[in-house]
Amino acid sequence: MKVPYGLPLDFHDDGTPIFNRGDFIRDPIPMNGANYPVLYQNLILPEHRALNPSIQFNLHVLPPATDQPTTSLLSGITEYGRIIQALDPNCTVAIQKRTSKTKVQRFYLYHLKPLQFCVVPPRYDTQLINNSSEKPAKFFELKAKEDTRNIEDLLELNGLGYTMTMTATLEPNKNYDELPIPEIRPGLEQFKILIPRPLYTIYTLNPQAFSFIDPPNHAFFSGAV
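Residues numbered from 1 in each chain as written. Predicted model: local features only at pLDDT ≥ 70, side-chain atom pairs only at ≥ 80, totals over all residues. Heavy atoms only, no water.

1. Structural notes on the packing of aromatic side chains
So, point 1. This model, assessed by the stated rule, comprises 14 aromatic pairs.
So, point 2. Measuring from ring centre to ring centre gives 5.4 Å for phenylalanine 220 and phenylalanine 221, while their planes differ by 90°; the resulting arrangement is edge-to-face. This pair shows no difference in class: phenylalanine 220 is buried, exactly as phenylalanine 221 is.
So, point 3. Following the ring pairs from residue to residue traces out a cluster consisting of Phe57, Phe140, Phe191, Tyr200, Tyr203, Phe210, Phe212, Phe220 and Phe221.
So, point 4. Above the ring of phenylalanine 11, the side-chain terminus of lysine 138 is found at 4.7 Å from the ring centroid.
So, point 5. We note lysine 192 situated over the ring of phenylalanine 220; from NZ or CZ to the ring centre the distance is 5.3 Å. (Phe/Tyr/Trp six-rings, centres within 6.5 Å; stacked < 30°, edge-to-face > 60°. Buried < 20%, exposed > 50% of the residue type's maximum accessible area, 1.4 Å probe, protein only. Lys NZ or Arg CZ within 6 Å of the ring centre and 35° of its normal.)

The structure is reproduced here in structure tokens:
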């Protein structure tokens, strides 16, 4: 079954995107993480750029895992939330909430199916994961343009509080002083305005409904985790 993308976009088997319009082409941006994950930033078509200028729509591609899962650190603690949608059956998202640099209050691991969501509230660290040694994992991300990646302290800690292995188990990161019991969850089929459709389609049909992204409205994210 082919996953709809809502954009003039196809993919090679290795996850490299095929941009079907010349005014839509983006260059890959290397991300911090194992096995060379990349970001294709601001995939908003010219005819849609005026809909909600505060929003950025991104594509993340995580190549197949090698001797360790492919990972990509998206963000540390920030006042902004974000929405992530899986495009492949091997998409995993880890999020955590810290009370200090090395103390984690909550840790969630989401196993997503295609078109499922992970809704990340403000002040949660976020990491994308692919532990398939055969297939890439592709994710859409909708976020505020003003939200800059703040991952310096996570790089010092060598990632989040738990590390996912090739067998999908979690190992505690010894650089942290305090960790909760991790919670394993499925992806969200729908959440408030989000339904099982391509995220770009949902956005362009009702862009003002996403005004909670910037300025961040914490009430929208209530119940997401």
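2. Section: the sheet that holds strand E3 (residues 29-30)
So, point 1. With antiparallel pairing, six strands are arranged side by side in an open sheet as E3-E4-E5-E12-E7-E10. Each edge of the sheet is formed by a strand with only one pairing partner; in this case those strands are E3 and strand E10 (117-120).
So, point 2. Both strand E5 (residues 55-62) and strand E12 (residues 137-144) contribute to a ladder of eight bridges, which runs antiparallel. Counterpart to leucine 62 in the pairing with E12 is alanine 137. (Pairing = 2+ DSSP bridges. Helix = DSSP H or I, 4+ residues; strand = E, 2+ residues; numbered from the N terminus.)

3. Concerning the sheet that holds strand E15 (residues 183-186)
So, point 1. An order of E6-E11-E8-E9-E15 is seen for the five strands of this open sheet, with the pairing classed as mixed. Looking at strand neighbours, the two that pair on one side only are strand E6 (70-75) and E15, the edges of this open sheet. With strand direction ignored, the average angle separating the axes of adjacent strands in the sheet is 20°.
So, point 2. Pairing between strand E8 (residues 91-100) and strand E9 (residues 103-112): nine bridges, direction antiparallel. Within E9, the residue paired with threonine 92 across the bridge is histidine 111. (Axes fitted to C-alpha atoms, helices over the stretch in contact; angles between N-to-C directions.)

4. A look at the environment of leucine 199
So, point 1. Among the structural elements, leucine 199 can be located in helix H2 (residues 199-205).
So, point 2. Taking C-alpha positions, leucine 199 is 6.9 Å from glutamine 85, a pair spaced 114 residues apart along the chain.

5. Observations regarding the side chain of asparagine 90
So, point 1. Mapped onto the elements, asparagine 90 comes out in the loop between strand E7 (82-86) and E8.
So, point 2. Asparagine 90 sits in the buried class, given a relative accessible area of 12%.
So, point 3. A polar contact of 3.4 Å, which involves the side chain of asparagine 90, links it to the backbone oxygen of lysine 135.
So, point 4. Ignoring anything within four residues of it in the chain, the contact list for asparagine 90 reads Ile129, Asn130, Ser132, Lys135, Pro136 and Ala137. (Polar contact = N/O pair within 3.5 Å; in protein donor to acceptor, adjacent residues only side chain to side chain. Contact = heavy atoms within 4.5 Å.)

6. Considering the pattern of salt bridges
So, point 1. The tally for this structure, following the rule as stated, stands at ten salt bridges.
So, point 2. As a salt-bridge pair, arginine 21 and aspartate 23 come within 2.9 Å of each other at their nearest N and O atoms.
So, point 3. Glutamate 183 is paired through a salt bridge with arginine 185; the nearest N and O atoms lie 3.1 Å apart.
So, point 4. On the basis of relative accessibility, which here comes to 36%, the residue glutamate 183 falls in the partly exposed class.
So, point 5. Connected via shared salt-bridge partners are Arg21, Asp23 and Glu47. (Salt bridge = Lys/Arg side-chain N within 4 Å of Asp/Glu carboxyl O.)

7. Remarks on the nonpolar core
So, point 1. If you look at the biggest cluster of nonpolar residues, it comprises 38 residues, and the most contacted ones within it are Leu7, Phe57, Leu59, Phe140, Leu142, Leu199 and Phe210.
So, point 2. Setting aside residues up to four positions removed in sequence, leucine 59 forms contacts with Leu9, Phe11, Pro17, Val38, Leu39, Tyr40, Leu43, Leu87, Lys138, Phe139 and Phe140. (Core = buried A, V, L, I, M, F, W, Y, C linked by side-chain atoms within 4.5 Å.)

8. Points about unusual backbone geometry
So, point 1. Backbone torsion omega between aspartate 214 and proline 215 reads 0°, so that peptide bond is classified as cis.
So, point 2. With respect to the element layout, proline 215 can be found in the segment after H2.
So, point 3. The phi dihedral of leucine 115 is positive, around 75°, even though this residue is not glycine.
So, point 4. Position of leucine 115 among the secondary structure elements: in the loop between E9 and E10.
So, point 5. The phi torsion at asparagine 158 lies on the positive side, around 65°, for a residue other than glycine.

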